[in-house]
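Coordinate analysis (summary)
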Amino acid sequence: MSTDNSSSPISISSRLIEGRALRQDVWSVFNAANLPADCINLGQGYMNFSPPSWVVEAANSALATTLPNHYSHPKGRLRLRHAIKNFYEASFNRSLDVETEILVTSGANEGQYSVFAAFLEHGDEVIMLEPFFDQYLASVIFNGGKPVYVPLHPNLEGDKPSSGDWTIDFDELRRTISPRTKMIIVNTPHNPVGKVFTKVELEKIAELAKEFNLLVMADEVYDCLVYDGKQHVRIANLPGMWERTVTVLSAGKAFAATGWRVGWLIGHPSIITPTLAASTRIVFCTNSPLQEAAAAGLEEARARGFFEQQLEEYRERRDVLLAAFDKVGLKYCLPEGSYFVLVDISRLKFPDDYPFPETLRGRGRDFKACWFMALEIGVSSIPVSEFYCEEHCNIGENYARFGFCKDVDTLKEAGQRLQSLSKYLS
């Protein structure tokens, strides 16, 4: 089915409408170009610091040689696949085959898109736990799927709620499954909540996946950012789940190189083989020299103690930002993982006649609150209702997502500015 396009005599596909692809998304609304020049961007999840120098040096070395400047095998460069094998085998509790169980992709997002392309028939349902990473929606719809939404329920009583207090109603999840349900996406550590799903929660999801023959997409791109002794559990390791789980991982999140667009999938050959067929037709191969750099990152990370050091640095960044919210008296959900925190903005008051832009018309209250903070306080954040379907967006309207993937000095400056919120709190 196509839909009319008033600016062109050629009709466009309805999937662009259904997938919210034509609507001005939250990233465009809160783009730096639309905000004051000195606004501190804690909304978008990119770093303001460079990847490790030794990883950058590996990229430069690859660019200076011949072969890495040309096409790679669609499976990914063999060096990187071996590096992935050697790095992840222990955490997957199995030997990984570099030819059949690992696929390098052009970022985690393209890997996910290729899985949808490989497995979804028109009308197949994909369960998305809300709030969800917004790219899921378009990727599912563009490949003929139908999103089905199950919200995480916040239970945030008390002064110090945690991201773990966002929970699944498993009876609700079971009721959502139909004969057309094909997949469920499980994002842990979770963006934007920061929740690290417990083994018990993942076991319950796994039992439903086995009972109803579902494919599980395990989006684990923040697996290296888990705090306070919490345990990251891979659902692929649970009994009977290796054959029905594809795990999505990211060099961008691991090495502070989000613009490199290098990710990888790990899974059973029955999942990786058709996904390779789709990915080959979508992008053919991934950026070759940066694959070499990602390989060097994985090869050297353990000896350098890189991920342990990086985790401590992110914990410090988290604590600097949370201290600012504590000081001003804003309630938040202590993030167990990722580099995001959800802050309760329900007490934030702004004038009814404040000159909000037209792009916010029809959006949730959280859009106005985030815009007001960006212009009046000089710190930008992301309204969480963007990560919900229309039916459930009221759940997200009380929250703004702040990222702490910035250097400490920037976070301290943001924290000082945030103190000005006190005069706008009820």
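As a starting point, this report considers the structure included with it. (Residues numbered from 1 in each chain as written. Predicted model: local features only at pLDDT ≥ 70, side-chain atom pairs only at ≥ 80, totals over all residues. Heavy atoms only, no water.)

A full pass over the atoms with the stated rule returns two cavities of 30 Å³ or more. Each pocket or cavity is described by its volume, and for the largest cavity that value is around 40 Å³. If you go around the largest cavity, the residues you meet are Leu129, Tyr136, Ile185, Val186, Asn187, His190 and Phe197. Here the element with the most residues in the lining of the largest cavity is strand E9 (residues 181-187); it accounts for three residues. A per-class count over the lining of the largest cavity returns five nonpolar, two polar and no charged. By volume, the second largest cavity amounts to about 40 Å³. In terms of lining residues, the second largest cavity is bounded by Leu156, Pro161, Lys331, Tyr332, Cys333, Leu342, Val343, Asp344 and Tyr399. For the lining of the second largest cavity, the secondary structure elements donating two or more residues are strand E13 (332-333) and strand E14 (340-344). Of the residues that constitute the lining of the second largest cavity, the class distribution is seven nonpolar, no polar and two charged. (1 Å grid on protein atoms, 1.4 Å probe; cavity = no way out; pocket = protein on both sides within 12 Å on 5 of 7 lines; lining within 4 Å. Points joined across faces, edges and corners; volume = space filled by probe spheres on them. Helix = DSSP H or I, 4+ residues; strand = E, 2+ residues; numbered from the N terminus. Nonpolar A, V, L, I, M, F, W, Y, C, P; charged D, E, K, R; others polar.)

This brings us to the nonpolar core. Ranked by size, the top nonpolar core spans 145 residues in total, and within it Tyr88, Trp166, Trp264, Phe325 and Phe402 carry the most contacts. Ranked by the residues each element gives to this core, the list is headed by helix H12 (residues 306-328), at nine residues. Those residues within four positions of tyrosine 88 in sequence are excluded, and the remaining contacts are Leu96, Asp223, Arg234, Leu249, Trp264, Ile266 and Leu298. (Core = buried A, V, L, I, M, F, W, Y, C linked by side-chain atoms within 4.5 Å. Buried < 20%, exposed > 50% of the residue type's maximum accessible area, 1.4 Å probe, protein only. Contact = heavy atoms within 4.5 Å.)

Let us look at the pairing of strand E10 (residues 215-219). The element E10 is extensively covered by neighbouring structure, given that five of its five residues are classed as buried. Of the two faces of E10, the one lined by Leu215, Met217 and Asp219 and the one lined by Val216 and Ala218 are each fully buried. Bridging between E9 and E10 involves five bridges; their strand directions are parallel. From the neighbouring strand, methionine 183 faces E10, where its bridge partner is leucine 215. In terms of handedness, the path from E9 via helix H8 (residues 199-211) over to E10 forms a crossover that is right-handed. Relative to strand E11 (residues 245-250), E10 is paired through four bridges, and the arrangement is parallel. Following the sheet pairing, alanine 218 is matched in E11 by threonine 247. (Pairing = 2+ DSSP bridges. Right-handed = clockwise from strand over helix to strand, strands pointing away.)

Looking now at helix H5 (residues 107-119). Taking 1.5 Å of rise per residue, 13 residues should cover 18 Å, and H5 covers 19 Å from first to last C-alpha, within 8% of that figure. Within the sequence span of H5, burial applies to Gly107, Ala108, Glu110, Gly111, Gln112, Ser114, Val115, Phe116 and Phe119. (Expected span 1.5 Å × (residues − 1).)

Think of a pair of aromatic rings as described by two things: how far the centres are apart, and how the planes are tilted against each other in angle. Summed over all chains, the structure comprises 29 aromatic pairs. In this structure an aromatic cluster arises from ring pairing among Trp54, Phe87, Tyr88, Phe92, Trp242, Phe255, Trp264, Phe306 and Phe307. One cation-aromatic arrangement involves arginine 401 over phenylalanine 340; the distance from NZ or CZ to the ring centre is 3.7 Å. (Phe/Tyr/Trp six-rings, centres within 6.5 Å; stacked < 30°, edge-to-face > 60°. Lys NZ or Arg CZ within 6 Å of the ring centre and 35° of its normal.)

With that settled, consider the layout of surface pockets. Space inside the largest pocket adds up to approximately 780 Å³. Lining the largest pocket are 36 residues; nearest its centre among them are Trp27, Asn109, Phe133, Asp134 and Gln135. Sorting the residues of the lining of the largest pocket by element identifies H5, helix H6 (135-142) and helix H9 (251-254) as the ones contributing at least two each. Residue contributions to the lining of the largest pocket peak at six residues, all from H6. Of the residues that constitute the lining of the largest pocket, the class distribution is 14 nonpolar, 13 polar and nine charged. Estimated volume of the second largest pocket: approximately 590 Å³. Lining the second largest pocket we find 21 residues, and of these Phe87, Ser91, Asp223, Cys224 and Arg234 sit closest to its centre. For the lining of the second largest pocket, the secondary-structure elements that each account for two or more residues are helix H4 (78-92), E11, helix H11 (288-304) and H12. Counted by class, the lining of the second largest pocket contains twelve nonpolar, four polar and five charged residues.

Any link to function would need more than the numbers given here.
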